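Chain by chain, the residues run as shown.
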Amino acid sequence: MKNCLVIFGIVFIVLCNSCQQKTVNFGNDVSFTIEKNIPYGKDSQQKMDIYSPEKHKKEKDVFIIIHGGGWRGGSKSELTAFTHKLMEKFPRTLFVNANYRLASSTHFALPNQTDDIRSIMQYLDKTLPFKPRYIFLGNSAGANVSMLYGYQSDRNKNIKAVVNIVGPADLNDSGFKNYDDYSFLEKHLIDSTIVPKNISLMDFGSPVHWVSKTSPPTLSFYGAYDDVVPLSQMKILDSALEQNKVYHESYEFNGNHINWINEPTSDFLIQKIHRFLMNIDKNKTL
């Protein structure tokens, strides 16, 4: 009986491991090993999927994908298909698609969510056999958090770029105050104990407030018909980046807050992301 239990346990572990790790093949000799739901912290929400190139020499770039959902919803699964499309375009690059601790009436979004990005990077810094250069790619709230971390906390200058898809850049923008969950942000977005007395809560949570001459290059996309994050956000962010001479590009697409993920817009975004990163590589001083 005891031997049977031991054998059952071994089989169970092997089966679990096979469920957690698999290979996805895109053809043209492009394939990735996928490790699902890797914990990077003690909270059940702190899980990530890691996609490692199999046959190509790995570059030092690492995409960290941060989903949207109004800071208190959403899941990494919503960006799995888009991540796969990126993997086809960047076959030598490692990808991380992450969940993070969601906000609620009892848990603030910040600093938890920027702390989670830091924890992901610390995990990767310790486990990867090379020193990575990170590319943050987030949509909506995930883009806001990505920009915040990139502009507030990139002390080691190991963030290569931030890709901002329909992200709230200025929470004080009158157009954004029409957001139907704005009252939740005022009460539950930021733990006031971390905010200096000379900064308002909404300034603290606005990436434009933190743009400096050392901010990472930023690529932005905003929808012409977005009724959640208005097109005015693109102009406000561009202005802050221009004033600080930060390399950036921004594009308007013919869509709303959510349909950027569908073709042909998603193909347009990926094409621009590829060109933007190539431009950065051409000018290592950026």
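Residues numbered from 1 in each chain as written. Predicted model: local features only at pLDDT ≥ 70, side-chain atom pairs only at ≥ 80, totals over all residues. Heavy atoms only, no water.

Draft legend 1. Representation of the overall build of the chain in the model. Per the secondary structure count, the chain includes 8 helices and 9 strands. Its C-alpha atoms give the chain a radius of gyration of 20 Å, within 12% of the compact-globule value 19 Å for 286 residues. When its C-alpha atoms are laid out on the principal axes, the chain stretches across 70 × 45 × 35 Å. Split into buried and exposed, the 286 residues of the chain put 51% on the buried side. (Helix = DSSP H or I, 4+ residues; strand = E, 2+ residues; numbered from the N terminus. Rg over C-alpha atoms; globule rule 2.2 N^0.38 Å. Buried < 20%, exposed > 50% of the residue type's maximum accessible area, 1.4 Å probe, protein only.)

Draft legend 2. The arrangement of the packing of helix α2 (residues 80-89) against helix α8 (residues 265-282) in detail. Contact geometry for α2 and α8: axes closest at 11 Å, N-to-C directions at 45°. Viewed along their axes, α2 and α8 adopt a mutual orientation that is oblique. Relative to α8, α2 is oriented so that their crossing is right-handed. The residues of α8 that touch α2, namely those facing Phe82, Lys85, Leu86 and Lys89, are Ser266, Asp267, Ile270, Ile273 and His274. For the contact of α2 with α8, a count of residues per class yields 4 nonpolar, 2 polar and 3 charged. (Axes fitted to C-alpha atoms, helices over the stretch in contact; angles between N-to-C directions. Parallel < 35°, antiparallel > 145°, perpendicular 65-115°, else oblique. Left-handed = near helix turned anticlockwise from the far one by under 90°. Contact = heavy atoms within 4.5 Å. Nonpolar A, V, L, I, M, F, W, Y, C, P; charged D, E, K, R; others polar.)

Draft legend 3. Inspection of the pattern of salt bridges at higher detail. One pass over the full model with this rule turns up 10 salt bridges. Aspartate 115 is the partner of arginine 118 in a salt bridge, and the nearest nitrogen-oxygen pair spans 2.9 Å. With a gap of 3 residues between them, arginine 118 and aspartate 115 both fall in helix α3 (residues 112-127), about one helical turn apart. Its relative accessible area of 26% is what places arginine 118 among the partly exposed residues. Connected via shared salt-bridge partners are Lys36, Asp49 and Lys76. (Salt bridge = Lys/Arg side-chain N within 4 Å of Asp/Glu carboxyl O.)

Draft legend 4. How the structure looks around the packing of aromatic side chains. Overall, the coordinates contain 13 aromatic pairs when judged by the stated rule. Taking 6.1 Å as the distance between ring centres and 80° as the angle between the ring planes, the aromatic pair formed by phenylalanine 26 and phenylalanine 32 counts as edge-to-face. Relative to phenylalanine 268, the ring of tyrosine 251 has its centre 6.0 Å away and its plane inclined at 90°; by these criteria the two rings are edge-to-face. Of the two residues, tyrosine 251 sits in strand β9 (residues 248-253) while phenylalanine 268 sits in helix α8, which places them 17 residues apart along the sequence. By relative accessible area, tyrosine 251 is classed as buried at 15%. We classify phenylalanine 268 as partly exposed; its relative accessible area is 26%. By the ring-pair criterion, three or more aromatic residues cluster together here, those being Phe26, Phe32, Phe63, Phe90 and Phe95. One Lys or Arg, arginine 72, reaches over the ring of phenylalanine 184 and ends 3.9 Å from the middle of that ring. (Phe/Tyr/Trp six-rings, centres within 6.5 Å; stacked < 30°, edge-to-face > 60°. Lys NZ or Arg CZ within 6 Å of the ring centre and 35° of its normal.)

Draft legend 5. Summary view of α3. For α3, built from 16 residues, the straight-helix expectation of 22 Å at 1.5 Å per residue is met to within 8% by its first-to-last C-alpha distance of 22 Å. Taken as a whole, α3 has its buried residues at Gln113, Thr114, Asp116, Ile117, Ile120, Met121 and Leu124. Along the axis of α3, the buried positions cluster into a sector of 155°, meaning they face one direction only. Residues of α3 that are buried in the fold lie against β3 (47-53), β4 (61-66), β5 (94-98), β6 (133-139), α4 (141-152) and β7 (159-165). (Expected span 1.5 Å × (residues − 1). Arc of directions from axis to C-beta.)

Draft legend 6. Spatial organisation of the side chain of asparagine 144. Tracing the backbone shows asparagine 144 in helix α4. Other than its neighbours up to four places away in sequence, asparagine 144 contacts Trp71, Gly167, Pro168, Leu171, Gly205 and Pro207.

Draft legend 7. Examining the confidence of the model for the chain more closely. Residues with a pLDDT of 70 or more make up 90% of the chain, whose mean pLDDT is 91. Note that residues 1-19 has pLDDT below 50 and, in this model, 0 contacts with residues that lie over four places away or in other chains. (pLDDT = per-residue confidence, 0-100.)

Draft legend 8. Structural view of the environment of aspartate 203. Tracing the chain through its elements places aspartate 203 in helix α6 (residues 201-204). Remark: the alpha-carbon pair of aspartate 203 and glycine 255, spanning 52 residues in sequence, is separated by 28 Å. A distance of 2.7 Å separates the side chain of aspartate 203 from the side chain of asparagine 172, its partner in a polar contact. (Polar contact = N/O pair within 3.5 Å; in protein donor to acceptor, adjacent residues only side chain to side chain.)

Draft legend 9. Expanded view of the nonpolar core. Counting residues in hydrophobic clusters, the biggest one holds 53 residues, and the most contacted among them are Val62, Ile64, Trp71, Val96, Leu124, Phe136 and Leu189. In this structure, Tyr51, Ile65, Leu79 and Tyr251 belong to the second largest nonpolar core, which totals 31 residues. (Core = buried A, V, L, I, M, F, W, Y, C linked by side-chain atoms within 4.5 Å.)

Draft legend 10. Here's a closer look at the pairing of β3. The buried fraction of β3 amounts to 6 of the 7 residues, a majority that puts the element mostly inside the structure. Pairing geometry for strand β2 (residues 30-39) and β3, over 6 bridges, is antiparallel. Residue proline 39 lies in a different strand from β3, and its bridge partner there is lysine 47. Bridge count for β3 against β5 is 4 bridges, and the pairing is antiparallel. Counted as the bridge partner of aspartate 49 is asparagine 97 from β5. (Pairing = 2+ DSSP bridges.)

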